[in-house]
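As a plain string of letters, each chain reads:
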Amino acid sequence: MTNQWIFNAPSAEEQTKTLRLAEQLNIDSVLTGLLVQRGIDSIDGARNFFWPKLNHLHDPFLMKDMDKAVMRIEKALANREKMLIYGDYDVDGTTAVALVYKILKKYTSDIGYYIPDRYTEGYGISRKGVEYARDNGYQLIIALDCGIKAVEKVALAKSYGIDFIICDHHTTDSQLPDAVAVLDSKRDDDTYPYKELSGCGVGFKLMQGFIQRNMLDFTDLKNCLDLVAVSIASDIVPITGENRVLAYF
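The paragraphs below set out a description of the structure included in this document.

Quick notes on the rules
Residues numbered from 1 in each chain as written. Predicted model: local features only at pLDDT ≥ 70, side-chain atom pairs only at ≥ 80, totals over all residues. Heavy atoms only, no water. Core = buried A, V, L, I, M, F, W, Y, C linked by side-chain atoms within 4.5 Å. Buried < 20%, exposed > 50% of the residue type's maximum accessible area, 1.4 Å probe, protein only. Helix = DSSP H or I, 4+ residues; strand = E, 2+ residues; numbered from the N terminus. Contact = heavy atoms within 4.5 Å. Pairing = 2+ DSSP bridges. Right-handed = clockwise from strand over helix to strand, strands pointing away. Axes fitted to C-alpha atoms, helices over the stretch in contact; angles between N-to-C directions. Patch = residues over 30% accessible without salt bridge, like charges linked within 9 Å, V, L, I, M, F, W, Y side chains within 5 Å. Areas by Shrake-Rupley, 256 points an atom, 1.4 Å probe, with all protein chains shown as cover. Salt bridge = Lys/Arg side-chain N within 4 Å of Asp/Glu carboxyl O.

1. Description of the nonpolar core
Logical step 1: Counting residues in hydrophobic clusters, the biggest one holds 41 residues, and the most contacted among them are L99, L104, I142, I165, L206 and M207.
Logical step 2: In terms of residue count, the dominant contributor to this core is helix α8 (residues 199-213) (seven residues).
Logical step 3: Aside from chain neighbours lying at most four places away, what touches L104 is I73, M83, I85, I111, I142, M207 and F210.
Logical step 4: In this structure, Y86, I125, V130 and I162 belong to the second largest nonpolar core, which totals 20 residues.

2. Let's talk about the pairing of strand β1 (residues 83-87)
Logical step 1: A large share of β1 lies buried, amounting to five of its five residues.
Logical step 2: Burial along β1 is two-sided: M83, I85 and G87 and L84 and Y86, pointing in opposite directions, are all buried.
Logical step 3: Pairing analysis gives four bridges linking β1 to strand β2 (residues 111-114), with the strands arranged parallel. Across the sheet, the residue bridging to M83 is I111, located in β2.
Logical step 4: Between the parallel pair β1 and β2, the chain is carried across by helix α5 (residues 91-105), and the sense of this crossover is right-handed.
Logical step 5: Pairing geometry for β1 and strand β3 (residues 140-144), over five bridges, is parallel. When the sheet's bridge partners are listed, M83 is paired in β3 with L140.

3. Side note on the sheet that holds strand β4 (residues 163-167)
Logical step 1: One open sheet accounts for five strands, arranged β2-β1-β3-β4-β5; its pairing is parallel. The strands lining the two open edges of the sheet, one partner per strand, are β2 and β5 (181-183). Strand after strand, the sheet turns through a mean of 20° between neighbouring axes, direction not considered.
Logical step 2: Bridge analysis of β4 against β5 gives three bridges, and the strand direction is parallel.

4. What to know about a nonpolar patch on the surface
Logical step 1: On the surface, V30, L31 and L34 cluster together into a nonpolar patch covering about 260 Å² of accessible area.
Logical step 2: Among the structural elements, L34 can be located in helix α2 (residues 29-37).

Such coordinate-based values are descriptive only and should not be taken to indicate function.
This is the structure:
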């Protein structure tokens, strides 16, 4: 079997950008050519890629429903409600659960977590998981890396008096679940600047919003960036934009 490499020759415009960027950054044009191929064709874009900063992260409240999600968590903390952190069983989901649980555990003991069984419950929000929350007195479920299509399960939870916050990054259907908040930058009505966060990345943004709104110490969340980086690698999301910043740190 013979393999043949197929090279896409750069256009004249790409060649111009490559040479200009090489001169501006004082690096080899081979490197700047790779940057241009990946859509990084300005000196600011290149600087942000090579030298990212945490303040390059977007304001979490640019994400639709973020304010509702943070307010519901604050209400749960104030009223000593039991919160259940629910995540998918893959690496992205379990790192997301670990991150959100670790941050909120500092502010409440009324918190638990739930990972559905891959074989008996399958992907996403399960009836068994909702009934577990009901039977154990949970009043709020924070779903991570799943839930964007769980219309029936969220309705079931609501009938039990259980609220949902959904943090997902998968493509949405035309109908969203009737949750208190649905955080997913792939929503058609969401103008959040970055669309490629992992599920754990969305959980990170929720905790960033919670910490920012309540003027808490960001250090605890920064110390969880290893979990976010593992989720980015494992879920094979692009290491661009915010994912580049999160993975770098």
